[in-house]
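Commentary on secondary and tertiary structure
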Amino acid sequence: MSLSSIISLSVITNALELGLIYGLIALALFLSYSILNIADLSTDGCFTLGCAVGAQVAIMGHPILALFAAMAAGVCSGFIMALLQTRLGVEPILSGIIVNTGLYTVNLGVMGFSSNLSIFKKDTIFTLCKDLFGSTWYKLVLAAIIVLIVCLFLAWFLGTRLGLSIRATGDNEDMVRASSINPGFTITVGLCISGSMTALSGCLIGQYQKSCNINMGTGMVTIALASLIIGETLLGKRSIPRRIAGTIVGSCVYRFVIAIALRMHVPAEAMKLVSAIIVAIAIATPYLKERVALQKRRFANAASDR
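Residues numbered from 1 in each chain as written. Predicted model: local features only at pLDDT ≥ 70, side-chain atom pairs only at ≥ 80, totals over all residues. Heavy atoms only, no water.

1. A short note on the nonpolar core
L27, F30, F126, L154, M197, L204 and C212 are the most contacted members of the largest nonpolar core, which totals 83 residues. The dominant element in this core, judged by the number of residues it contributes, is helix α2 (residues 9-35), at twelve residues. Those residues in contact with F126 that lie beyond four places of it in its chain are I21, Y138, K139, L142, L204, Q207 and Y208. (Core = buried A, V, L, I, M, F, W, Y, C linked by side-chain atoms within 4.5 Å. Buried < 20%, exposed > 50% of the residue type's maximum accessible area, 1.4 Å probe, protein only. Helix = DSSP H or I, 4+ residues; strand = E, 2+ residues; numbered from the N terminus. Contact = heavy atoms within 4.5 Å.)

If you want it as structure tokens, here you go:
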């Protein structure tokens, strides 16, 4: 199999489209995990929730409104997650599991208690923009515009007074409380914004694929974590804009690796294993880089002592 048959323009375009859309989940994890230091395990259910709500609204003939409806649903999911933590004293991991479990039934209800929902004969936000951006690049251009808007908003928001308070909450909650800032409020705002981005990604994927499946959110935490770590490895953690850009780049790289695996005829049953390997490599890379740098310093010191 030649390299040109594996890496084609369509493969690169498709990887970029999906990488940008799934990058919104990575941004949500960046906010909840990297900034707030909260492991949000409700991501899988929130993603499906956004897809289900967006699909139902699109079926009613409002594909643009579907984006805002999905984001509102994501805010509700994030609020419940925050409520369990800040008011009921539930640990973040347990609250994520509880919300994720409950969302399965909620998602089924939104989908009319059907495991699949099709919007093939309905307009989507992508088909509406097909004439505007051209029949070849319209999906990529639209996804890039939406993700750019979200990235700019997130970079601006984290530089505001409330955003700085959220960042401080993740660094030292006790210090924030001593500074007369309510950490419960900052956690709630952060998780609501994180939930809205996750649900927006689910809505876009649903309209991109023109379908919704009750199990489509399975493994989204793994994908987002891999994208986040890949981005931090490639671009570093020097500033918020750099970390945001790295998260999107990491998502695109992840989707590109998955696309290559599919082109090499890796069985669909093995894709979960491929994802796990990518995550393992992404997590281990920073540690291995430190070990290599340490060994180089040891060899350099040993050489200088001779």
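2. Here's the deal with the side chain of S201
By the element assignment, S201 lies in helix α11 (residues 183-209). The exposure class assigned to S201 is buried, which follows from its relative accessible area of 0%. In this structure, S201 is in contact with I21, Y22, L24, I25 and F47, ignoring residues within four places of it in sequence.

3. As for the environment of D131
Tracing the backbone through its elements, the reader meets D131 in helix α7 (residues 130-133). Given a relative accessible area of 76%, D131 falls into the exposed group. Through-space distance from the C-alpha of D131 to that of P92 is 45 Å; in sequence the pair is 39 residues apart.

4. Observations regarding the environment of Y208
Note that Y208 resides in helix α11. On the basis of relative accessibility, which here comes to 13%, the residue Y208 falls in the buried class. A C-alpha to C-alpha distance of 22 Å links Y208 and Y104, two positions 104 residues apart in sequence. Y208 has contacts with N14, E17, L18, I21, F126 and K139, leaving out every residue within four places of it along the chain. Of the polar contacts made by the side chain of Y208, one reaches the side chain of E17; its length is 2.5 Å. (Polar contact = N/O pair within 3.5 Å; in protein donor to acceptor, adjacent residues only side chain to side chain.)

5. Quick look at the pattern of salt bridges
Any two side chains of opposite charge can pair, given that their charged atoms come close. Summed over all chains, the structure comprises two salt bridges. Here E173 ties to R177 by a salt bridge, and the two come within 2.9 Å at their closest N and O atoms. In this pair, E173 and R177 both sit in helix α10 (residues 173-178), four residues apart, roughly one turn of the helix. Assessed through its relative accessible area of 34%, E173 is described here as partly exposed. With a shortest N-O distance of 3.4 Å, D174 and R177 are connected by a salt bridge. You can see D174 and its partner R177 sitting in helix α10, three residues apart, about one turn around the helix. R177 gets classed as partly exposed once you look at its relative accessible area, which sits at 44%. Put simply, E173, D174 and R177 are held in one network by salt bridges that share partners. (Salt bridge = Lys/Arg side-chain N within 4 Å of Asp/Glu carboxyl O.)

6. Here's the deal with the packing of helix α3 (residues 43-59) against α11
Interaxial distance between α3 and α11 falls to 7 Å at its minimum, and their mutual angle equals 50 degrees. The angle between the axes of α3 and α11 places the two elements in the oblique class. At the point where α3 passes α11, the crossing takes the right-handed sense. Here α3 contributes T43, C46, F47, G50, C51 and G54 to the contact with α11, which in turn contributes G195, T198, A199, S201, G202, C203, I205 and G206. Its residues assigned to classes, the contact of α3 with α11 shows six nonpolar, eight polar and no charged. (Axes fitted to C-alpha atoms, helices over the stretch in contact; angles between N-to-C directions. Parallel < 35°, antiparallel > 145°, perpendicular 65-115°, else oblique. Left-handed = near helix turned anticlockwise from the far one by under 90°. Nonpolar A, V, L, I, M, F, W, Y, C, P; charged D, E, K, R; others polar.)

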